[in-house]
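# Reading the structure
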Amino acid sequence: MDEKFKVAIIGAGPAGLSAAAHAAELGISHILLEAAPHPANTVHKYQKGKLVMAEPAVLPLRSSMVFSAGTREDILETWQRDIQRDKVNLHLNARVDEIKGERGNFQIVLASGETITAEFVVLAIGLQGNINKLGVSGEDLPNVQYQLDDPREFIDETIVVVGGGDAGVENALALAKQNRVIILNREEEFSRCKESNLALLQAAIKAHRIEAKISSRVEYVDTETENDFSLRVVAKTPKGVEAINCHRVIARLGASPPRKWLESVGVQFPNSDTASTPVLSEQYESNIPGLYIVGALGGSPLIKQALNHGYEVIEYILGNQVEAADEPLLRQKISSFNTSCSVSEGIDFIRRNAPVLSGLTVLQLRELLLEGSILSVRSEEIIFKYGDYTSSFFSVLEGELAVLVRDKDGSDIYFQVKAGNFFGEMGLISGRRRSATVKTITDCVLVEIPRRSMLKLINSVESVRRRLDEVSMKRIVRNCLISTLPGSDLNYLLQGAAIKRYKAGDVIFSQGDKADGLYLIRRGSIVISRRTGGKEDVLSYVVTGNYFGEMALFSERLRSATARAVSETEIVLLKAQVVVEVVERNKELRDQLVTRYREHVIRDVERGEHQEQLESMFGFLVEQGIGEATDILLIDYSLCIRCNNCETACANTHKGIPLFKREAGITHGQVHLTNACRHCEHPYCMLDCPPDVIHRSVNGEVFIADGCIGCGNCKNNCPYDAIQMEAVDTEFKEPSLWQMLLGDAYQGEKIQAPDNASAKIAIKCDLCMDNVMGPACVRACPTGAAMRISPEALALSMRGS
Amino acid sequence: MQHNVLNYKNYRYLKIISLMMVVAIVAYLFHQPATGADAYGGSWLGYSLGILSTLVAIVLMAYGARKRIAPMRTERRSISNAPSPGQTVPNRRGRERNWLRHHGATLQGWLSAHTFLGIALIVLATLHAGFQFGWNVHTLAYALMMVAIVSGCYGTYAYLRFPTLMTANMDGRDTFDALMLEIDELDEQASVKSLQFSDEICALVFRARQETLIGGNLFQQLMAYHHKCPTAQAVKQLQALGKNLSYDQLESFDELYMVMAQKKALVRRARLDVMYRARMEFWLYVHVPFSIAFMGALVAHIIAVLYYW
């Protein structure tokens, strides 16, 4: 080709396509080179029918390529149309070997030997061209594959999936429907995948649909002919070296920048980390003038961002100063506290004044700010109140605030939070009510980050998690143990302290263990039980904000009972030796621990027959997972006359559809636990709601606001069967007394579809949050059998206090 | 665990209503003349007791309405009520909700009051009548009232007694349907197992499957009694037929017998479940119509009294 192009774009992924389409639109001479036989190769390789999301939702799309959330097939079809419409100069099967020259005169050498000359080069090759392989012998054997098109292609095979990220987990879940699947993860936990995928995976493992091997590495892969298997995977697992015979290996180990090649071109990287992205200017220009890098290789892995970057890079090449797509949104947010500063100044200000966020890249911070907000608050205003059910996280940029922690005796204890600090992490971590009231002392500027974004951040950015843990440990001690401890003692107490995480059912310590320390709960709940004569008695139920394990600490004997996590639990473990030393110095702490110790001893001695029955009932409820609930609907079957008035009342107050079935659920003795929503501390339904319409109100009700798209994720994620997908009668009116008397009302079964039916949407119990009188089911029970109660209150009533 | 209808709020309504009755009885005893033609409704005490009884009757009837319609005090939720970042949502309820909850917004409180007021009405109305009865609309109202109250007393007994028995009878099963499914499965097993035996045995098992009735007419429902129940008969006759079988048939016959015996036990459970349900429900078919009839008679009584005044 003799022609000299203005721009050569390498890689026809979202970024490259968007850049080429914009160039075509403006009539700029351009060429788009793609190594694969079709454009958008990565999307093309997605699992068939995969739903592609258009995150982040608030970010406007700025590209001539059309893009909105949809299936893989829809998106590919749309793009194909856009390419033809804009007459994009696309060359397929054109692999680039070398880039030479400088701004104004680049020579691009193709694998075919052809050379293309262009004034500017846009590198949009992404990461997927450089997929990480197993890196062991046998990695290229047939049936060892690094992608999965259609999981339905394989039936009745034994398949080993390697990799604990989203791709691996999603593949494993899809394959497990009709194959035996073994998933191998290098790490101890599946911490790299989305929570919703994690929940599904855990359910599948529990139901023995998938076998998981954690902390396992593949040593080598060999061919195998026995029993019609084709491969043998030899892996190092915690149990030793294991050989697994299988038909197929699917390895999903991510991808990394093709660093060697990029460095040969002359592109520089900021450090030696294999995952790091090239050094770029704000206008995506690399250290080589005229060579631009956009898309995933430039550090923005989301499709929408890549499309925007593709558009912008063409403008930059033309010398136009376009704003980034999120700029106006960010400017608006920043102007709420300072109208004169620019967005980059504002971002810089946040980085300087919020050390907890300083480890983020500018791009990450921008994204975070899109989801969060900046608040300017006047002095003497309340940010949140003790007992509120909010869960966002706040970082203080300017000003001073007072934190009023409620002490065990009900009085408030006062702490100060200054600029550079943060608060609100306790509610975020525990998923429970706020443990303190926070109000401003002076005028303040705060960054508020919603729960969902902050959790994502904690899981993905190590520095954020570390800083959060450091500060929160001190606060946990003050909150759970003693709020008046002097700073020096507090620091001493935290020597050697560690944060430990447990899953539901994990044993924290066992009867007969040596006491290793004092346990403070910062998330979740545990039960203490003792085995006597073959049966297990639940002695107590301890929730977030309390401590346990003090008994053996003082009597210097072995643990007299077993502690087990009943939901996902996080604990701050204080070392035994240190605790004993501090207790010797501090009389108040000693008194408190000793009083508690004596109470336990007395309760232990006085346990009677009736108590044991209640304990067995509570033990049963804990097994049913009420440990992670905040409000359960129990029916006392010794009072319930089975009139189903509760269900009828529910239907009448919720558009004719009962949100639970009285009969469904589980009965133990005379206690019936219904399938009505339990309003979990960390609601599963919230894990993966694309339109983000599931919220928790200040009073604690988890509800689905308007805007449900009917995807059914929440229903699938709920382990308690509390969500239904139904067409709702939009014109529903509560039946009158007259209709009720004539029997023209809800009778336990829906007779016909409603007249004004909506599309199917998710519906669930909202605790009748709009009704000042409380849940209709409870109010409608004539005999007082139905009750809405929190597990803590239940445990208290069990204790008879 | 929970309080029942009688000891609700530590016998709150029993206390209130006992006091009311004591006052009424004492007033009646001190009112002169205590007996004779003027003792009934015509005196000032009679009128007072009459007005009080009418008010009590209205409250009693209001329970029926309250049971069907739960009072609502709603605040509309709009899309903007979803707590958006940066917006601190005010606590929309709080003290008002607690006040209502603690002051009898529950139906249980209503039923507790309904029960005790009903019993009190026996005393109030009898004193109001001054123990004088006759063949007239006044005594008709009294009689209808008494039927309604007595049936209500039975209802209270049923509500307190049967739920516990019902749960125990289900023995850990969650639904009646689950029980029926179990019976169905046993029927299927029995049919298969019976095929290898004589026609007589097959016919017994078949009839037990086809003709065993759970529920039935009111008497059968209330007593859980079914005369010549095919399942019970099959079990009985199988026992006799088993004696004629050869030794090598015995083992599989025992299996069949076990299945049928299990089915009989489950059928008994199902009938008991129906029985408890029926016993907790049938009295309402007396209580409600008689209550409404009483209201009618009461209106007639009041009009008559006022007309002939």
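Along each chain, numbering runs from 1 in the same order as the chain's sequence is written. To read the labels, note that chains go from A and ligands from 1, taken in the order they are written. Only residues with pLDDT of at least 70 get local features here, since the model is predicted, and only at 80 or more are side-chain atom pairs given and counted; chain-wide, interface and lining totals rely on the full set of residues.

### Section: the overall build of chain B
Elements are defined by DSSP. Helices are runs of H or I of four residues or more, strands are runs of E of two residues or more, and each kind is numbered from the N terminus. In terms of regular secondary structure, chain B is built from 11 helices and zero strands. Reading chain B from its N terminus to its C terminus gives the helix and strand order α-α-α-α-α-α-α-α-α-α-α. Counting over 309 residues, chain B shows a buried share of 30%. Whether two residues are in contact is decided by their C-beta atoms, placed from the backbone, lying within 7 Å. Contacts in chain B between residues far apart in sequence, at least 24 positions, make up 81% of those at least 6 positions apart. Exposure criterion: with C-beta atoms placed from backbone coordinates, a residue whose C-beta has 20 or more other C-beta atoms within 10 Å is buried, one with 12 or fewer is exposed, and one in between is partly exposed.

### Side note on the sheet that holds strand β20 (residues 393-398) of chain A
Residue and element names in this part refer to chain A. A strand pair is defined by DSSP finding two or more bridges across the two strands. Taking strand neighbours across the sheet as the criterion, the four strands line up as β18-β25-β20-β23 in an open arrangement whose pairing is antiparallel. Of all strands in the sheet, those with a lone pairing partner are β18 (373-377) and β23 (422-423), marking the two edges. Pairing of β20 with strand β25 (residues 444-449), which is carried by five bridges, proceeds in the antiparallel orientation. Along β25, the bridge assignment pairs Ser-395 with Val-447.

### A look at helix α16 (residues 576-585) of chain A
Residues and elements named next belong to chain A. Of all the positions in α16, only Val-579, Val-582 and Val-583 are classed as buried. For α16, the angular spread of the buried residues around the axis is 105 degrees, confining them to a single face. Opposite the packed face of α16, turned more than 90 degrees from it, sit the exposed residues Gln-577, Glu-584 and Arg-585. The inward-facing, buried residues of α16 abut α14 (487-493), β28 (517-523), α15 (551-555), β33 (569-575) and α17 (587-605). Arc definition: directions from the helix axis to the C-beta atoms.

### As for unusual backbone geometry
Residue and element names in this part refer to chain A. Backbone geometry places Lys-87, a non-glycine residue, at a positive phi of 55 degrees. On the secondary structure map, Lys-87 appears in the loop between α3 (72-85) and β5 (90-91). Positive phi is not limited to glycine here, since His-208 has a value of about 60 degrees. Checked against the element boundaries, His-208 lands in the loop between α5 (195-206) and β12 (210-213).

### Some remarks on the pairing of β33(A)
Looking down a regular strand, the side chains alternate between one sheet face and the other. Residues and elements named next belong to chain A. β33 sits mainly inside the fold: five of its seven residues count as buried. The sheet contact formed by β28 and β33 spans six bridges and is antiparallel. Paired with Tyr-519 across the bridge in β33 is Leu-573.

### Observations regarding the pairing of strand β29 (residues 525-532) of chain A
Residue and element names in this part refer to chain A. Where β29 lies against strand β30 (residues 535-543), eight bridges are found, and the strand directions are antiparallel. Of the residues in β30, the one forming a bridge with Arg-530 is Asp-537. The sheet contact formed by β29 and strand β32 (residues 562-565) spans four bridges and is antiparallel. From the neighbouring strand, Ser-529 faces β32, where its bridge partner is Thr-562.

### Examining helix α19 (residues 645-653) of chain A
All names here are of chain A. With nine of nine residues buried, α19 lies mostly within the body of the structure. Looking at the buried side of α19, the elements it contacts are α22 (776-779) and β41 (786-789). Immediately beyond the C-terminal end of α19, within one or two residues, lies Lys-655, with a positive phi of roughly 55 degrees.

### Here's the deal with the packing of helix α7 (residues 199-211) of chain B against helix α9 (residues 230-241) of chain B
All names here are of chain B. Direction vectors running N to C along α7 and α9 enclose 165 degrees, while the axes themselves pass 8 Å from each other. In this view, α7 runs roughly antiparallel relative to α9, as classed from their interaxial angle. For the element pair α7 and α9, the recorded crossing hand is left-handed. Contacts between α7 and α9 pair Glu-200, Ile-201, Leu-204, Val-205, Arg-207, Ala-208 and Glu-211 from the former with Pro-230, Thr-231, Ala-234, Gln-237, Leu-238 and Leu-241 from the latter. Within the contact of α7 with α9, the residues separate by chemical class into eight nonpolar, two polar and three charged. Helix axes are fitted only over the stretch in contact, all axes being lines through C-alpha atoms; the angle between N-to-C directions runs from 0 to 180 degrees. Oblique is the label for any angle not under 35 degrees, not over 145, and not in the 65 to 115 range, which are roughly parallel, roughly antiparallel and roughly perpendicular in turn. With the far helix as reference, a near helix turned anticlockwise by less than a right angle produces a left-handed crossing, and one turned clockwise produces a right-handed crossing. We call Asp, Glu, Lys and Arg charged. Ala, Val, Leu, Ile, Met, Phe, Trp, Tyr, Cys and Pro are nonpolar, and the rest, Gly among them, are polar.

### Some remarks on the sheet that holds strand β15 (residues 240-246) of chain A
Residue and element names in this part refer to chain A. A sheet is described by the order of its strands in space; here three strands give the open sequence β13-β14-β15, paired in antiparallel fashion. Because the sheet does not close on itself, it has two edges, and the strands there are β13 (217-223) and β15. Taking the axes of each pair of neighbouring strands and ignoring which way they run, one obtains an average angle of 20 degrees across the sheet. Strand direction decides the pairing type here: β13 and strand β14 (residues 231-237), joined by six bridges, are antiparallel. Bridging from a neighbouring strand, Arg-217 pairs with Lys-236 of β14.

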